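So you can see what is in the structure, the chains are spelled out below.
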Amino acid sequence: MATRKAAVDVPALIDALPTPLAGLARQGLVRAYRTGTLLMQEGDMGDTLHIVLAGRVRAFTLDEGGERELTFGSYGPGEYVGELSLDQGPRSASVVATETTTCAVVTRRTLRQAIAADPDLAFMIIEKLARRARAATFTARQLALNDVYGRLRDLFEALGQTGEGGQRRVDERLTQRDLAGRIGCSREMVSRVMKDLHAGGYVDRVSPPLRLLRPWPMRW
């Protein structure tokens, strides 16, 4: 689907960003994307950074047959995607809007000028790159050394939040396909594990929020 003009309070959204990022966003072109819109295509050449002002996007890759995918991350307001292509290389992942999303789109030239004017911006981007590199290393380790159940347990542990009464829950709306993409396995395998966990009284299948009823065992 094509982009459309943003219909939100953009100045307020930008003001809510961290100071270095807010200054950069003010120099970008504001775009709004419908759910399902592809912002970036893996392998394409690009020189823009997308700063998320509202909504949420997901970065992912597909196998050669286009049947299986691996999700690198889901990003909301205050996050940005596309920084790796600023070296003028091809996009390393595809990015899709998972809900109605508004972004400030910044060119490589604008980013260079902003960094020259505010060096703190460069440190912020370096720190973000380091965190994402660390996350990518963790994902690779999980895929190589952990089974499907272990990867699913670790994902829910990372996403879970403690609510009233100390009960853990996952507020993010995740389909079985989403879960499969996050942990690098088939949707059928996720369905099988989730059915077992529900039968064992570990999760409430009503979602969102998905309630984590009691701690999961280390191994299944």
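Residues numbered from 1 in each chain as written. Predicted model: local features only at pLDDT ≥ 70, side-chain atom pairs only at ≥ 80, totals over all residues. Heavy atoms only, no water.

Student: When you look at the sheet that holds strand β11 (residues 203-204) in this model, what are you seeing that I'm missing?
Tutor: Within a sheet, each strand pairs with its neighbour through backbone hydrogen bonds, oriented either parallel or antiparallel. As summarised here, the arrangement of the four strands in space is β9-β10-β12-β11, forming an open sheet in which the pairing is antiparallel. Edge strands, defined here as strands with exactly one partner in the open sheet, are β9 (161-162) and β11. Bridge analysis of strand β10 (residues 168-170) against strand β12 (residues 210-212) gives three bridges, and the strand direction is antiparallel. From the neighbouring strand, R169 faces β12, where its bridge partner is R211. In the packing of helix α5 (residues 148-159) onto the sheet, contacts are made with β9, β10 and β12, and the angle to β10 comes to roughly 100 degrees. (Pairing = 2+ DSSP bridges. Helix = DSSP H or I, 4+ residues; strand = E, 2+ residues; numbered from the N terminus. Contact = heavy atoms within 4.5 Å. Axes fitted to C-alpha atoms, helices over the stretch in contact; angles between N-to-C directions.)

Student: Help me understand the side chain of R153, please; the structure alone is not making it clear to me.
Tutor: Assignment of secondary structure puts R153 in helix α5. Take R153: its relative accessible area is 15%, and that puts it in the buried class. Apart from the residues within four sequence positions on either side, R153 is in contact with N146, W216, P217, M218 and R219. (Buried < 20%, exposed > 50% of the residue type's maximum accessible area, 1.4 Å probe, protein only.)

Student: Would you mind showing me how to read the pattern of salt bridges here?
Tutor: A pair can form between side chains of opposite charge whenever their charged atoms are brought close. For the structure shown, the criterion picks out nine salt bridges. Residues E172 and R182 are paired through a salt bridge, measuring 2.5 Å at the closest nitrogen-oxygen approach. Of this pair, E172 sits in the loop between β10 and α6 (176-183) while R182 sits in helix α6, placing them ten residues apart in sequence. Taking relative accessible area as the criterion, E172 reaches 24% and is therefore assigned partly exposed. Here R182 falls in the buried class, since its relative accessible area comes to 15%. Among the charged side chains, a salt-bridge network with shared partners connects R58, E69 and R177. (Salt bridge = Lys/Arg side-chain N within 4 Å of Asp/Glu carboxyl O.)

Student: I keep staring at the packing of aromatic side chains and nothing clicks. Help me out?
Tutor: Aromatic ring pairs are defined here through the distance separating the ring centres and the angle between the ring planes. Tallied over the full model, the rule gives two aromatic pairs. Relative to W216, the ring of Y149 has its centre 6.0 Å away and its plane inclined at 25 degrees; by these criteria the two rings are stacked. Residue Y149 is found in helix α5, and its partner W216 is found in the segment after β12; the two are separated by 67 residues along the sequence. Neither Y149 nor W216 differs from the other in exposure class; each is buried. Ring geometry for F156 against W216: centres 5.4 Å apart, planes inclined by 65 degrees, an arrangement best described as edge-to-face. (Phe/Tyr/Trp six-rings, centres within 6.5 Å; stacked < 30°, edge-to-face > 60°.)

Student: What should I look at first to understand the side chain of R151 in this one?
Tutor: Checked against the element boundaries, R151 lands in helix α5. Although buried, R151 forms no salt bridge, and the nearest oppositely charged side chain, D147, lies 6.4 Å from it. From its side chain, R151 meets the backbone oxygen of G184 in a polar contact 3.3 Å long. (Lys, Arg positive; Asp, Glu negative; His and termini not counted. Polar contact = N/O pair within 3.5 Å; in protein donor to acceptor, adjacent residues only side chain to side chain.)

Student: Is there a simple way to think about helix α3 (residues 108-117) in this case?
Tutor: Count 3.6 residues to each turn of an α-helix, and residues three or four apart come out pointing the same way. Residues of α3 that are buried include every one of T110, L111 and A114, and no others. Viewed along the axis of α3, the buried residues span an arc of 100 degrees, placing them on a single side of the element. In α3, those exposed residues whose orientation departs by more than 90 degrees from the buried face are R109, R112 and A116. (Arc of directions from axis to C-beta.)

Student: How should the pairing of strand β8 (residues 101-107) be read in this particular structure?
Tutor: In summary, the side chains of a regular strand alternate between the two faces of the sheet. In terms of burial, β8 is a largely internal element, six of the seven residues being buried. Inspection of the sheet shows strand β3 (residues 48-54) paired to β8 by six bridges, in the antiparallel sense. Note that in β8 the partner of V52 across the bridge is C103.

Student: Any chance you could explain the sheet that holds strand β7 (residues 94-97) here in plain terms?
Tutor: Read from one edge to the other, the open sheet built from four strands follows the order β2-β7-β4-β5, with strand pairing classed as antiparallel. Looking at the sheet topology across the chains shown, the edges are occupied by β2 (38-40) and β5 (69-75). Strand-to-strand twist across the sheet, computed as the mean angle between neighbouring axes with direction ignored, equals 30 degrees. Of the pairings in the sheet, the one linking β2 to β7 comprises two bridges and is antiparallel in character. Opposite L38, over in β7, you have V96 as the bridge partner.

Keep in mind these numbers describe shape, not what the thing actually does.
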